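Geometric and topological summary
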Amino acid sequence: MDKIPADPAGQRHGIKYDPVTTCEVAALVRLNSDTSQLTLKAPRIAAAAEPGQFVNLEAGHFLRRPIGVMAVDRQQGLVQLGIRVQGRGTEWLSRLRPGTVLSVMGPLGKGFQLEGYRRVITVGGGTGVFPLYYVQQMCREQGIDGIAVCGYRSKADSVLTDHYRAAGCQVLFASDEGDLDVEGHAAAALEQLLQSLEMDRQEDTLIAACGPNIMMQAVAKIADVYQYDCQVSLEERMACGVGVCLVCVCKTKTKTGEANSRCCVDGPVFPAKEVVW
Amino acid sequence: MKIDLSVEAGGVRMASPLLMASGTFGFGREMDAFYDLSILGGICSKGLTVAPRLGNDPPRAAETASGMLNSVGLQNPGIDAFLEHELPFMRQTGCKTIVNIAGYSVEDYVAMAEKLTDEAIDAIELNLSCPNVRTGCMLIGSDPLQLTEVIQAVRAVTDKPIWAKLTPNVTSISQMAVAAADAGADAVVLINTLMGMAVDWKTRRPILKNNTGGLSGPAIKPVALRMVSEVYQQVDIPIIGVGGILCAEDVLDFMVAGASAVQIGTANLISPCAAVKITHDLRQLLGKENLTRISTLTGTLQLWS
Ligand SMILES: Cc1cc2nc3c(=O)[nH]c(=O)nc-3n(C[C@H](O)[C@H](O)[C@H](O)COP(=O)(O)OP(=O)(O)OC[C@H]3O[C@@H](n4cnc5c(N)ncnc54)[C@H](O)[C@@H]3O)c2cc1C
Ligand SMILES: Cc1cc2nc3c(=O)[nH]c(=O)nc-3n(C[C@H](O)[C@H](O)[C@H](O)COP(=O)(O)O)c2cc1C
Ligand code: FES
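Residues numbered from 1 in each chain as written. Chains lettered and ligands numbered in written order. Predicted model: local features only at pLDDT ≥ 70, side-chain atom pairs only at ≥ 80, totals over all residues. Heavy atoms only, no water.

Turning next to the packing of helix α6 (residues 173-183) of chain B against helix α7 (residues 221-234) of chain B. Residue and element names in this part refer to chain B. Close contact between α6 and α7 brings their axes to 9 Å; oriented N to C, the two are set at 50°. As far as their axial angle goes, α7 and α6 are oblique. Once α6 is placed against α7, the crossing between them reads as right-handed. Touching Ile173, Ser174, Ala177 and Val178 of α6 are Arg226, Met227, Glu230, Val231 and Gln234, all from α7. (Axes fitted to C-alpha atoms, helices over the stretch in contact; angles between N-to-C directions. Helix = DSSP H or I, 4+ residues; strand = E, 2+ residues; numbered from the N terminus. Parallel < 35°, antiparallel > 145°, perpendicular 65-115°, else oblique. Left-handed = near helix turned anticlockwise from the far one by under 90°. Contact = heavy atoms within 4.5 Å.)

In structure tokens:
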């Protein structure tokens, strides 16, 4: 990969803002058999990243890999990512060692729009529980009520449960095997939750979902039935991450019909009502 | 030492030999946030069609060894929306505006060229080479007769410089380049992507929803260099070299092989500011060799006999 080093003489060559920085790996912690938590020293990204935004990381192969921001420590300039091994890029990332220097682009994309909401219900499945953790972190900072619904295959597969518990939000953990709070997938758990909630806060509540497409589609449908605003974070294969190559499109509704929106800059977070499933 | 990076290629004088390849730079808007685009020679617009196009279904990208496949399929707003919303922006970037057009038929190319001929653009790049649409484009560009017909027809309606962007997916690139030159093109652009495929053996499916895609990146540089060198022996019009350029050395390789200017494509997708670094490094490299004018390098390659 052609690395552009953070270049103090950048201004002189006409650079206004290089989205690429080089970051040192501060730590890599294994969370379970196929997921790891990567901590990067990345003060600029820590300062700027909003919940739902992502970084595009060098990953030992030709293209970068997009990974959502899981948490930030602005004081110490640290950024955390939760990574599940899918193929050779994420495999490479999950074997990084502290001290390794990595080319990282970001923060990128449009995150969750939390403004105007007094309560946020996050609904995560699969790797979706990682970026949604940052939503809960932000809710806590901003005094927004947080409820986190997380779906896993089984207890053994569950990750971040302690993080979520410590984040000060109400939590509801679901597993397909029924060995956590609720049996079933995250969308089913959401429906149970909504039935138990008082019905007078639709106006100021947002449902924020991230996970497999079928889960988000189900969440969007439930949100619609119960009349809550809903935003979903979509995933598509990416290359540039900055909107120039058009490889990352997802179908959205427009006033005039359907469009292919760029997941990397028009999203990854979209209002659920705009998504063509 | 003052280094002169300016070049002339296909009727366009440019401050730098670096053009940004079609489809890897949008219309320049996103990149304008990252650096001053006036350092570039020019920007080639995303491929435009007569009517807007949604493009192919995703997945549209797959990684390969030292490169990538794409099957975007010419997603674009159409020539009219381009003229209204994007061209004004491209005009004020301070570098040259090259408009890449892709047709399904001779009539399409002519219709778009007619719309462009009175606009403040610097050249028309005829995309005779997109591998990701079912008709037109690469099919036209792989047949010397149809290629000739398109270029002649466009030549008849415009005095703008015409650059013919050719596909490497042919038996003889020289034959195509000679046909383009004879038909009146001002330059040939070599090369567009090589058609390829990526497979997921577990799912028994191609990774790209379009099944096939266009290969780009360093993986194709040797093929592109060979084609530039071969065509340089055969035609008198300037050659613009494209394919796998990541660094300043790559640019110089292409120029020595016969290119008057080059285009940078996939490198932009990995490092948005790639062209800034390449520009800087070109000056350093030339300075070290006491070369003051980059244009003097074109075609200086001495083949072994
Ligand atoms: C905005 C965004 C945020 C993401 N956040 C996270 C995150 O927080 N944690 C995490 O573990 N993963 C996240 N992903 C998914 C991650 O990018 C992919 O798993 C990764 O790119 C796969 O690369 P690979 O080389 O390991 O796999 P490959 O060998 O390239 O492919 C292996 C499998 O992964 C799938 N895949 C490949 N690329 C992508 C992609 N870009 N998106 C989705 N699936 C893909 C393929 O369909 C294939 O089945 C995110 C993706 C996006 C677009
Ligand atoms: C994502 C992507 C989209 C492209 N779109 C176009 C296009 O619209 N028109 C065109 O003439 N070439 C298109 N190309 C081809 C490039 O302009 C270039 O010829 C090719 O990628 C080889 O150069 P590279 O290896 O530097 O990328 C595209 C390439 C990529 C990677
Ligand atoms: S990844 Fe290039 S446009 Fe989204």
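Structure's up, so let's keep going.
The next thing to look at is helix α5 (residues 186-196) of chain A. Residue and element names in this part refer to chain A. Within α5 the residues assigned to the buried category are Ala186, Ala187, Ala189, Leu190, Leu193 and Leu194. Along the axis of α5, the buried residues cluster in a sector spanning 155°; they form a single face. With respect to the buried face of α5, the exposed residues turned more than 90 degrees away are Gln195 and Ser196. If you follow the buried residues of α5, they end up packed against β8 (119-125), β9 (145-152), β10 (170-175), β11 (182-183), β12 (205-210) and α6 (213-225). (Buried < 20%, exposed > 50% of the residue type's maximum accessible area, 1.4 Å probe, protein only. Arc of directions from axis to C-beta.)

Attention now goes to the interface of chain A and chain B. Counting from both sides, the interface comprises 36 residues of chain A and, opposite them, 44 residues of chain B. Approximately 3,300 Å² of surface area, both sides summed, lies buried where chain A meets chain B, with 63% of it carried by carbon and sulfur atoms. In this assembly, chain A and chain B are joined by five salt bridges. One salt bridge connects A:Arg262 with B:Glu30, and the closest N-O pair in it is separated by 2.8 Å. For the pair chain A and chain B, the number of links is 13 residue pairs in polar contact (both at pLDDT 80 or more). Of all the elements in the fold, those that place two or more residues in the side of chain A that touches chain B are β14 (249-254) and β15 (257-262) of chain A. Ranked by the residues each element gives to the side of chain A that touches chain B, the list is headed by β15(A), at four residues. For the side of chain A that touches chain B, the class distribution of residues is 18 nonpolar, five polar and 13 charged. (Buried area = accessible area lost by both parts, 1.4 Å probe. Salt bridge = Lys/Arg side-chain N within 4 Å of Asp/Glu carboxyl O. Polar contact = N/O pair within 3.5 Å; in protein donor to acceptor, adjacent residues only side chain to side chain. Nonpolar A, V, L, I, M, F, W, Y, C, P; charged D, E, K, R; others polar.)

With that out of the way, let us pick up a nonpolar patch on the surface. On the surface, B:Met197, B:Val199 and B:Trp201 cluster together into a nonpolar patch covering about 390 Å² of accessible area. Here B:Trp201 shows up in the loop between β12 (199-200) and β13 (205-206). (Patch = residues over 30% accessible without salt bridge, like charges linked within 9 Å, V, L, I, M, F, W, Y side chains within 5 Å. Areas by Shrake-Rupley, 256 points an atom, 1.4 Å probe, with all protein chains shown as cover.)

What follows concerns the site of ligand 1. Residue and element names in this part refer to chain A. Around ligand 1 lies a shell of 20 residues, among which Arg65, Pro66, Arg84, Gly89 and Thr90 are the nearest. In this structure, a nitrogen atom belonging to ligand 1 sits 2.9 Å away from a main-chain N or O atom of Gly68. At 3.4 Å, a side-chain N or O of Glu235 approaches a nitrogen atom of ligand 1. For ligand 1, the accessible surface in isolation is 840 Å², of which the surrounding protein chains cover 80%. The element that contributes the greatest number of residues to the shell around ligand 1 is strand β4 (residues 65-68), accounting for four residues. Its residues assigned to classes, the shell around ligand 1 comprises seven nonpolar, seven polar and six charged. (Near = heavy atom within 4 Å.)

Our next topic: the pattern of salt bridges. Where charged atoms from two side chains of opposite charge approach closely, those side chains can pair. Evaluation of the coordinates by the stated rule reveals 27 salt bridges over all chains. A salt bridge links A:Lys16 to B:Asp32, with the shortest nitrogen-to-oxygen separation between them at 3.1 Å. Within this pair, whereas A:Lys16 is found in the segment before β1 (20-32), its partner B:Asp32 is found in helix α1 (residues 29-32), the two belonging to separate chains. In this structure, a network of salt bridges that share partners links the residues A:Asp34, A:Arg84, A:Arg153 and A:Asp157.

For chain A, per-residue confidence averages 93 on the pLDDT scale, and 96% of positions sit at 70 or higher. Under a pLDDT of 50 for its full length, residues 1-6 of chain A has, in the predicted model, 21 contacts with residues more than four places off or in other chains. (pLDDT = per-residue confidence, 0-100.)

Bringing the nonpolar core into the picture now. Of all hydrophobic cores here, the largest spans 159 residues; its most connected members are A:Ile121, A:Val123, A:Ile207, B:Tyr35, B:Leu126 and B:Val188. Each of domain 1 (8-108) and domain 2 (119-274) of chain A gives at least three residues to this core. Apart from the residues lying within four places of it in its own chain, the contact partners of A:Ile121 are A:Ile147, A:Val149, A:Leu190, A:Leu193, A:Leu194, A:Leu197, A:Thr205, A:Leu206, A:Ile207 and A:Ala208. (Core = buried A, V, L, I, M, F, W, Y, C linked by side-chain atoms within 4.5 Å. Domains from an automatic or database assignment.)

Residue and element names in this part refer to chain B. Burial along strand β6 (residues 67-70) is two-sided: Gly67 and Leu69 and Met68 and Asn70, pointing in opposite directions, are all buried. Strand direction decides the pairing type here: strand β5 (residues 61-64) and β6, joined by four bridges, are antiparallel. Counted as the bridge partner of Ala62 is Leu69 from β6. Where β5 folds back on β6, the antiparallel hairpin that results is connected by two residues, among which Ser66 adopts a positive phi of roughly 55°. (Pairing = 2+ DSSP bridges.)

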